[in-house]
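In case you want the letters, here they are:
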Amino acid sequence: MIYGGDKFGNPPQHYNRYHITVLNDVDLPEVLDEICTNLNGALQVHVDCFMSTLGDIDATDELTNETIKVESCRIMYPNQVSHINETTEIVSRADISKLRAECAFDAFSSRLASHLRDDPFFQISNVRLNRILAYTINISCFPPGWLRK
Amino acid sequence: MASIIRFIRKKRREINKKKNYEAPEKFVDVAEINKDDYALSPEKLAFLYPASKQNINWGYTSDSMTSAAKADLAFLRRRFPKILPSVDYFEEREREALFDRRFALRFPPIYYISKCKKKTAATK
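Residues numbered from 1 in each chain as written. Chains lettered and ligands numbered in written order. Predicted model: local features only at pLDDT ≥ 70, side-chain atom pairs only at ≥ 80, totals over all residues.

### Describing the overall build of chain A
In step 1: Counting its secondary structure elements, chain A contains four helices and five strands.
In step 2: Counting the 149 residues in chain A, one finds 21% classified as buried. (Helix = DSSP H or I, 4+ residues; strand = E, 2+ residues; numbered from the N terminus. Buried ≥ 20, exposed ≤ 12 C-beta atoms within 10 Å, placed from the backbone.)

Written out as structure tokens, the structure reads:
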């Protein structure tokens, strides 16, 4: 948990926050490791992604005038709040290794797919993950005194 | 004579108004009701204002933090140069989706990518 504030009344989330977007050809755990080791302060990391999804929509067949299901592709952007990784606060080396394990491709995509599957909004239209387009890494750097576990 | 009477009546009215105004204040004297809360015990102070325990090192925020943030930015800019994906990056059906108007934001996704392209051109 991170708490504290500026003497001017700013909440800590306004402090030194970086939004990094990388294409899907990178090795995500490696990139995260590199960032976490090089940035200063206590880090809070949120990893999410832009993705393309497949869903079934209604359409009319021109020859028979029947309603049929057609597969449609859409592009989805990350939610402002949501994050795929479970360990968000990085204090020690062990936290980084946890984050690496969570952001390995298989674990990451399966968790992302489960996010989509469990969302009641997308259950209606049967939306499913096609592929990941770009990863977004949101990092906020705090003074270490602000972090309590 | 009439003017003097008028003057006296006016004065009386003012005095009466003041009396009516001051009367209810005695009933709702907030300071008197909460008299105990203005003198907090040290235990209660520590509970209500945990900052007095000095958990937070304020000194770290000002100078050292800004220099650290500068170093971070320099590292991030060097490590992640701006790269815009070409059209080949997207699959065929994704390219159609780029122009899809039924998007949760105001404009289709291609609008935001093109906007980013213009920005990079201007900075160069």
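### Details of the overall build of chain B
In step 1: Looking only at helices and strands, chain B features six helices and zero strands.
In step 2: In chain B, the order of α-helices and β-strands from amino to carboxyl end is α-α-α-α-α-α.
In step 3: Across the 124 residues of chain B, 2% fall into the buried class.

### Describing the packing of helix α1 (residues 28–38) of chain A against helix α2 (residues 93–102) of chain A
Residue and element names in this part refer to chain A.
In step 1: Between α1 and α2, the shortest axis-to-axis distance is 9 Å and the interhelical angle comes to 155°. The angle between α1 and α2 places the two elements in the roughly antiparallel class. In the crossing of α1 with α2, the sense of the turn from one axis to the other is right-handed. Contact with α1, carried on its side by Pro29, Leu32, Asp33 and Cys36, involves Ile96, Leu99 and Arg100 of α2 and no other residues of that element.
In step 2: Across the contact of α1 with α2, the residue classes break down as five nonpolar, no polar and two charged. (Axes fitted to C-alpha atoms, helices over the stretch in contact; angles between N-to-C directions. Parallel < 35°, antiparallel > 145°, perpendicular 65-115°, else oblique. Left-handed = near helix turned anticlockwise from the far one by under 90°. Contact = placed C-beta atoms within 7 Å. Nonpolar A, V, L, I, M, F, W, Y, C, P; charged D, E, K, R; others polar.)

### Focus: the pairing of strand β3 (residues 67–76) of chain A
Residue and element names in this part refer to chain A.
In step 1: With ten bridges joining them, strand β2 (residues 42–60) and β3 adopt antiparallel strand pairing. Residue Leu54 lies in a different strand from β3, and its bridge partner there is Cys73.
In step 2: What sits between the antiparallel neighbours β2 and β3 is a turn of six residues, in which Asn65 has the positive phi angle 60°. (Pairing = 2+ DSSP bridges.)

### Some words on α1(A)
Residue and element names in this part refer to chain A.
In step 1: Of the residues making up α1, those classed as buried are Leu28, Leu32 and Ile35. Here the buried residues of α1 occupy an arc of 65° about the axis, which is enough to place them on one side. Of the exposed residues in α1, the ones pointing more than 90 degrees away from its buried face are Glu30, Thr37 and Asn38.
In step 2: The elements touched by buried residues of α1 are α2, α3 (105–118) and β5 (128–142). (Arc of directions from axis to C-beta.)

### A closer look at the nonpolar core
All names here are of chain A.
In step 1: Counting residues in each nonpolar core, the largest one holds 22 residues, and the members touching the most others are Leu32, Leu43, Val45, Leu99, Cys103, Ile137 and Ile139.
In step 2: Of all elements in the fold, only α1, β2, α2 and β5 reach the threshold of two or more residues within this core.
In step 3: Once residues within four sequence positions are removed from consideration, Leu43 is found in contact with Cys36, Ile90, Ile139 and Cys141. (Core = buried A, V, L, I, M, F, W, Y, C linked by C-beta atoms within 7 Å.)

### Digging into the environment of Ile75(A)
In step 1: Structurally, Ile75(A) is set in strand β3.
In step 2: A sequence separation of 24 residues divides Ile75(A) from Met51(A), and the C-alpha atoms of the two residues are 5.8 Å apart.
In step 3: Excluding anything up to four places from it in sequence, Ile75(A) contacts Phe50(A), Ser52(A), Glu94(B), Ala97(B), Leu98(B) and Pro109(B).

### Concerning the environment of Ser109(A)
Residue and element names in this part refer to chain A.
In step 1: Along the chain, Ser109 turns up in helix α3.
In step 2: Placed 23 residues apart in sequence, Ser109 and Ile132 show a C-alpha to C-alpha distance of 8.0 Å.
In step 3: When residues no more than four places from it in sequence are discounted, the contact partners of Ser109 are Leu129 and Ile132.

### Thoughts on unusual backbone geometry
In step 1: The phi dihedral of Asn65(A) falls on the positive side, at around 60°, and the residue is not glycine.
In step 2: For Asn65(A), a count of 7 C-beta atoms within 10 Å puts it in the exposed group.

### What to know about the confidence of the model for chain B
All names here are of chain B.
In step 1: Mean pLDDT over chain B works out to 75, with 65% of the residues at or above the 70 mark.
In step 2: Summarising per-element confidence for chain B, the mean pLDDT is lowest in helix α2 (residues 30–33) (64) and highest in helix α5 (residues 92–98) (90).
In step 3: Note on the complex model: pTM 0.68, ipTM 0.80. (pLDDT = per-residue confidence, 0-100.)

### Re the environment of Glu94(B)
In step 1: Tracing the chain through its elements places Glu94(B) in helix α5.
In step 2: In this structure Glu94(B) comes out as partly exposed when scored by C-beta crowding, with 18 C-beta atoms within 10 Å.
In step 3: Ignoring anything within four residues of it in the chain, the contact list for Glu94(B) reads Ser52(A), Cys73(A) and Ile75(A).

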